[in-house]
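Residue-level structural notes
Chain residues, written in single-letter form:
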Amino acid sequence: DVSAPQRARGDAEDDAWIEELSNLLHQGERDAIHQELTVRGRYAVFQRLWSAKEAVTKGVGQGIDFGVARIEVDFGRAKPLVDLGGVADWLRSWWHPRQLEDAQEVEQAQTIELDPEACGRTEPLVYIDMWPRLDWRITQHPLAGDHWVSVALGP
């Protein structure tokens, strides 16, 4: 998916879109948007979030009908995905070995650092229906004119 800034689409550069689309965003996404100090900054965060969400819906094969509200995109650093705590023993005894590996990957992902400046791209964490989906990868690259391209790859 490719996203464009408001000015490239001929839209007014304002925050009118926030109220309209707020119900399609998760709290962490809204928080990330509101951390920005300028209208352009807020919209830049939104366009990256939205582009990532649309890339996932296309990757699923349903497009926007899949429901962007089902998808949460996290650009944060070292956000704990889940607290396995005492569940780890239960996982070892009941889950298929591949599922256990997935759970261990989730536990290890608690220390992931995402630094877009260092690598020139970002790979946000993806949640679908509130579940962390480490089997999905979203790669984003900045393009000229404040555009972003997002590519999602999943199972």
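This report concerns the structure included in the present document. Keep in mind the model is a prediction, meaning the values are calculated, not measured.

What about the nonpolar core?
Grouped together as the largest cluster of nonpolar side chains are 21 residues, with contacts concentrated most on Ile 33, Phe 46, Val 56 and Val 126. Broken down by secondary-structure element, the contributors of at least two residues to this core are helix H2 (16-21), helix H4 (39-60), strand E2 (71-74) and strand E3 (125-128). At eight residues, the largest contribution of residues to this core is made by H4. With sequence-adjacent residues up to four places away left out, Ile 33 is seen in contact with Trp 17, Ile 18, Leu 25, Arg 42, Val 45, Phe 46 and Leu 49.

A closer look at the sheet that holds strand E5 (residues 137-143)
Pairing is antiparallel in the open sheet, where three strands are placed in the order E1-E6-E5. For this open sheet the edge positions go to strand E1 (2-3) and E5, each flanked by a neighbour on one side alone. Judged from the seven bridges that link them, E5 and strand E6 (residues 147-153) form a sheet pairing that is antiparallel. By the bridge assignment for E6, Ile 138 is matched with Ala 152. Contacts between H4 and the sheet are confined to E1, E5 and E6, with E6 contributing the most and set at about 30° to the helix.

Focus on the packing of aromatic side chains
Scanning all chains against the criterion turns up four aromatic pairs. Three or more aromatic residues joined by ring pairs form one cluster here, namely Trp 17, Tyr 43, Phe 46 and Trp 50. Here Arg 48 stacks its cationic end above the ring of Phe 75, 4.3 Å away from the centre of that ring. Just above the ring of Phe 66 sits the side chain of Arg 70; from NZ or CZ to the centre is 3.9 Å.

Describing the packing of helix H3 (residues 27-34) against H4
Interhelical geometry of H3 versus H4 gives an angle of 150° and a closest axis separation of 7 Å. Relative to H4, the element H3 is oriented roughly antiparallel. Judged by residue contacts, Glu 29, Ala 32 and Ile 33 of H3 engage Arg 42, Val 45, Phe 46, Leu 49 and Lys 53 from H4. Here the contact of H3 with H4 is composed, by residue class, of five nonpolar, no polar and three charged.

Digging into the pairing of E2
The two faces of E2 match: Ile 71 and Val 73 on one face and Glu 72 and Asp 74 on the other face are all buried. Summarising the sheet, E2 and E3 pair through four bridges and their orientation is antiparallel. Bridge pairing in E3 links Glu 72 to Tyr 127.

About the criteria used
- Think of each chain on its own: its residues are numbered from 1, step by step along the sequence as written.
- For a predicted model such as this one, the threshold for reporting local features is a pLDDT of at least 70, and the threshold for listing and counting side-chain atom pairs is 80 or more; totals across whole chains, interfaces and linings nevertheless cover every residue.
- Hydrogen atoms and water are omitted, and side-chain values are computed over all heavy atoms in the structure.
- Residues belong to one nonpolar core when they are buried, are Ala, Val, Leu, Ile, Met, Phe, Trp, Tyr or Cys, and are joined through side-chain atoms within 4.5 Å.
- Here's how the labels work: a residue is buried when its accessible area is under 20% of the maximum for its type, exposed when over 50%, partly exposed in between, all with a 1.4 Å probe on protein chains only.
- By the criteria applied, helices consist of DSSP H or I runs no shorter than four residues and strands consist of E runs no shorter than two, each listed in order from the N terminus.
- Contacts: residue pairs with any heavy atoms within 4.5 Å of one another.
- The criterion for strand pairing is that DSSP finds at least two bridges linking the strands in question.
- Interaxial angles span 0 to 180 degrees and are taken between N-to-C directions of axes, which are lines fitted to C-alpha atoms, for helices over the stretch in contact.
- Any two rings among Phe, Tyr and Trp, with Trp reduced to its six-membered ring, count as a pair given centres within 6.5 Å; such a pair is stacked if its planes are under 30 degrees apart, edge-to-face if over 60, and tilted if neither.
- A positively charged side chain is recorded as over a ring if its NZ (Lys) or CZ (Arg) lies within 6 Å of the ring centre. The angle to the ring normal must also be within 35 degrees.
- Just so you know how the angles are binned, under 35 degrees is roughly parallel, over 145 roughly antiparallel, 65 to 115 roughly perpendicular, and the rest oblique.
- Residue polarity follows a fixed list, in which Ala, Val, Leu, Ile, Met, Phe, Trp, Tyr, Cys and Pro are nonpolar, Asp, Glu, Lys and Arg are charged, and the others, Gly among them, are polar.

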